[in-house]
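# Remarks on the overall topology
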Amino acid sequence: MASAATTYCRQCDSGSYRCDDCRRTFCDYHFTEHRQQIVEQFDRLQRDYSNLNEILSLPPSYESLAGNTDLINKVDQWEADAIRQVKEIAEQTRDKIRSRADSIPNDRFGTAFHQLTEQFQQTQLANTYSELDIQRLATQLNNLKIQVENSSLTTADLQVLPIDWSKYLQITTKQPNLPRIQQQDFHFDWLLTTKARLSLDVKGSDWHMLGTSSPQHSTFLHYQHTKKHRRLSIINHNGQQKLVPWYDDQAVWDSCWSSYLNKFLILADNRLYTYDDEIETSDSMQLIESVQPKRDEMEFLRCTCSNDTLLIAYDERNTSIDEYKMTPWRRVHEYANIVKPNEIIMSLTFSMTNSNLIGMTLLDDRQQWHFELRDRSMSLISAIQLDKSEFNRRIISLPNLTFNWLIIHTGSKYLTVLNENAQSKRTIECAENVDLTTYVPKRNSLVLLTQKSKLKFFDL
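Residues numbered from 1 in each chain as written. Predicted model: local features only at pLDDT ≥ 70, side-chain atom pairs only at ≥ 80, totals over all residues. Heavy atoms only, no water.

An unreviewed UniProt entry lists the protein under the name B box-type domain-containing protein, from Adineta ricciae.

As a further point, take the overall build of the protein. Scanning the protein from terminus to terminus reveals five helices and 26 strands. Relative to its full complement of 460 residues, the protein shows a buried share of 38%. Counted over contacts in the protein with a minimum sequence separation of 6, partners at least 24 positions apart contribute 44%. Accessible surface for the protein amounts to roughly 27,700 Å². Of this, 49% is attributable to carbon and sulfur atoms. (Helix = DSSP H or I, 4+ residues; strand = E, 2+ residues; numbered from the N terminus. Buried < 20%, exposed > 50% of the residue type's maximum accessible area, 1.4 Å probe, protein only. Contact = heavy atoms within 4.5 Å. Areas by Shrake-Rupley, 256 points an atom, 1.4 Å probe, with all protein chains shown as cover.)

Turning next to the side chain of T450. Inspection of the secondary structure puts T450 in strand β25 (residues 445-450). For T450, a relative accessible area of 2% gives the class buried. Once you skip the residues sitting within four places of it in the chain, T450 turns out to touch E432, N433, V434, D435 and K456.

Strand order in the open sheet formed by seven strands is β4-β26-β25-β24-β23-β22-β21, and the pairing between neighbours is antiparallel. Every interior strand has two partners, whereas the edge strands, β4 (198-201) and β21 (393-397), have only one. In this sheet, adjacent strand axes meet at a mean angle of 45° when their direction is disregarded. In terms of strand pairing, β21 meets strand β22 (residues 405-409) through five bridges, oriented antiparallel. Bridge pairing in β22 places S397 opposite W405. (Pairing = 2+ DSSP bridges. Axes fitted to C-alpha atoms, helices over the stretch in contact; angles between N-to-C directions.)

On to a nonpolar patch on the surface, then. Taken together, the side chains of V75, V86, I163, W165, Y168 and L169 make up a nonpolar region of the molecular surface, amounting to roughly 570 Å² of accessible area. Looking at the secondary structure, you find V86 in helix α2 (residues 62-126). Owing to a relative accessible area of 47%, V86 belongs among the partly exposed residues under this scheme. (Patch = residues over 30% accessible without salt bridge, like charges linked within 9 Å, V, L, I, M, F, W, Y side chains within 5 Å. Salt bridge = Lys/Arg side-chain N within 4 Å of Asp/Glu carboxyl O.)

Turning our eyes to something else, we now look at the sheet that holds strand β12 (residues 285-287). Ordered in space as β9-β10-β11-β12, the four strands form an open sheet in which the pairing is antiparallel. Only two strands of the sheet have a single partner each, and these edge strands are β9 (252-258) and β12. If you compare each strand with its neighbour and ignore which way they point, the axes differ by 25° on average. Bridge count between strand β11 (residues 272-275) and β12: three bridges; the pairing is antiparallel. Opposite Y273, over in β12, you have L287 as the bridge partner.

Next up, the structure:
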């Protein structure tokens, strides 16, 4: 469980032990406290196990039985409605057949037969018919007979289309009503009218990356890239920065916080890492070897996560989205051909108010941007045209139904905010040009990376 450590307890800076599981260091007193917390966690786990065992041991509840009865009643009603509709269609078809049989002889052949009758009667009364008259009448009679035999009266058929009845009734599972997080109010006008609570100078980079923050610790990852250097740091809501050791051969393209793992996920060129800020050793950064691009020279671009699910998009047009599960790490689905051949997904994120919704921004080869709202199966719910620009359009989610999707118009003073269902749209003006943003829940802060390479914290 524990071993001697060369570092010190983070809580009191005295003699230390290292927990072999979580890799954190403690003094004797705090290690005992840490051990007691583990014991309490296991006790809670045992109680949850016992509760689940009781639920599984119970007979079917009244609600489940009533639910089955309701489903059976729906099947019975569908059966009655289907039989009634089949009988109605069958009787309508019989009426058409009867009407067809009654109308065809008189409508199509009555006049020709009447003319032939008159010729027979005239020839018979004249009593002077010759072989030519008989041949002429025989030809007319035979032609009329062939027409009648070839008519739809005698050649009509009934086309019966097969019905796959199994497709008409399917039992599906209802999605549970997911708990919604507490909504926050946002005073976006303060971005224009008030001074930032905090401003950090982050000059000296070709480009930056701001990751989604940890709600528990109100920290986020900030990556700065130059041709020669790659700098990764973690920043808290008070602007305190700590350098995170990083690899010179990999650029960081995206980062998100996993509440499921209680770690940051870092998406690099062709690798995925987890980062635990609570660990002071080299074990804080872990490579996830099972997460790799599908082919050589293919690179990652964006990621987002919710519960035990991670979604990754690639740096190419007509890209697919790969879905991974975290325990154990494995790819479970590839969503291919969900965008047009000339489009690339430049940003994607789960909604903070509804984890069944995913927002993304896309760019086509004419530099035209649009926003798409999709569900967990990647079915398109709605799309909104944005603008034409050579600069990026990134998206983050906020904990508010009315202001759920925030789109950053890189290189301008403007942001676009959409509601959860992407049915309303509002433009927000900032005091200066903005490149990136991230949201810090603890202070309800929006952190703006300005075009002048300043990180500005606005409490909204």
